[in-house]
Amino acid sequence: MKKLLLAASLICTSFMSHANETINVGISSEPYPPFSAKNSQGVWEGFEIDLLRKVCEDAALDCQIKEVSWDGIIPALLSKKIDVIFNSLTITEERSKKVLFTTAYYNSLPKVVGLAGQKFEFDKKSLKNKIIGVQGSTISAYYLKDKVGKIVDIREYSEQNDANLDLLSGRVDYMVADGIIATNFYAQHKDVLEDYGDVEYNAILGKGIGAAVRKEDTELEGKLSKSIAHLIHSDFYTDLSMKYFGTNIAPK
């Protein structure tokens, strides 16, 4: 039994090919289902894990998953502890000053979910004495600080699940998170929560989700982008999206 579990773990953490090039792919150790999380056997699974496996196969790369903390994922890339970030990282102008992004492989605007029976607007009157929860170092957190940082209490969390739990317990009034994550969470708790809709787009929200490499690794970026560009128009991507989300989340 132990041998079977070890074999399963190796299959999920090492996406082998016939190529000699091995790259370390950074995935946040904090669970982020349905994109990436470990199951009860400690094996990585989720939409991004399945897509990463296919991207690596298509690009003829030997990809090894390396766990890092979310707030340290870009420093880990720049210090060469990992070679690629494949972890729901939004393509933004500010981040592009530090890293080289691939073409986007999915897109989703942040969404507001909150305790039911409230009237939500991004203004001082509606948010008076309210608390909004958000995972720190995310595009949702940057958006909130820019939009209402001076008029509302923003509570940041190291893990998305902590924000979810505090919303359910009433410790925060609203939560802003990636639209796909927020929609899935709301669907599980419709009896006590309300979907207050996507936030209005502005430039701080970036241009979709992409993989990231170091600025000098242009050849690696090219391989990954070529594979991603092919896959997002494939039946594989459509089927994968339908499996996890019930809709196609390919960038428009």
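Just so it is clear, the model here is predicted, and its values are computed rather than measured.

**Q** How would you explain the environment of Leu78 if you had to name every residue and give the values?
**A** Within the secondary structure layout, Leu78 lies in helix 3 (residues 73–78). A relative accessible area of 41% means that Leu78 is categorised as partly exposed. Residues Leu78 and Lys119 lie 41 residues apart in sequence; the distance between their C-alpha atoms is 43 Å. Residues contacting Leu78, with those up to four places away along its chain left out, are Lys98, Val99 and Arg214.

**Q** Residue-level account of the layout of surface pockets, with values.
**A** The volume enclosed by the largest pocket comes to roughly 670 Å³. Around the largest pocket sit 40 residues that line it, and Tyr106, Ser108, Asp178, Gly179 and Ile180 are the ones nearest its centre. Elements that contribute at least two residues to the lining of the largest pocket include exactly strand 8 (110–115), helix 6 (139–148), strand 11 (174–178) and helix 8 (179–188). Here the lining of the largest pocket is composed, by residue class, of 16 nonpolar, 17 polar and seven charged. Reported here for the second largest pocket is a volume of approximately 470 Å³. Together, 21 residues line the second largest pocket, and Thr92, Glu94, Arg95, Ile139 and Tyr142 are the ones closest to its centre. Among the elements of the structure, helix 3, helix 4 (93–96) and helix 6 are those that each provide at least two residues to the lining of the second largest pocket. It is helix 4 that contributes the most residues to the lining of the second largest pocket, four residues altogether. Of the residues assigned to the lining of the second largest pocket, the class counts are 11 nonpolar, four polar and six charged.

**Q** How would you summarise the confidence of the model for the protein chain if you had to cite specific residues and measurements?
**A** Any residue range with low pLDDT should be treated as having predicted coordinates unsuitable for detailed reading. For the protein chain, mean pLDDT is 92; residues scoring 70 or higher make up 92% of the total. Ignoring residues within four places in sequence, the model shows residues 1–12, a span with pLDDT below 50, making eight contacts including any to other chains.

Rules used throughout
- Residues numbered from 1 in each chain as written.
- Predicted model: local features only at pLDDT ≥ 70, side-chain atom pairs only at ≥ 80, totals over all residues.
- Heavy atoms only, no water.
- Helix = DSSP H or I, 4+ residues; strand = E, 2+ residues; numbered from the N terminus.
- Buried < 20%, exposed > 50% of the residue type's maximum accessible area, 1.4 Å probe, protein only.
- Contact = heavy atoms within 4.5 Å.
- 1 Å grid on protein atoms, 1.4 Å probe; cavity = no way out; pocket = protein on both sides within 12 Å on 5 of 7 lines; lining within 4 Å.
- Points joined across faces, edges and corners; volume = space filled by probe spheres on them.
- Nonpolar A, V, L, I, M, F, W, Y, C, P; charged D, E, K, R; others polar.
- pLDDT = per-residue confidence, 0-100.

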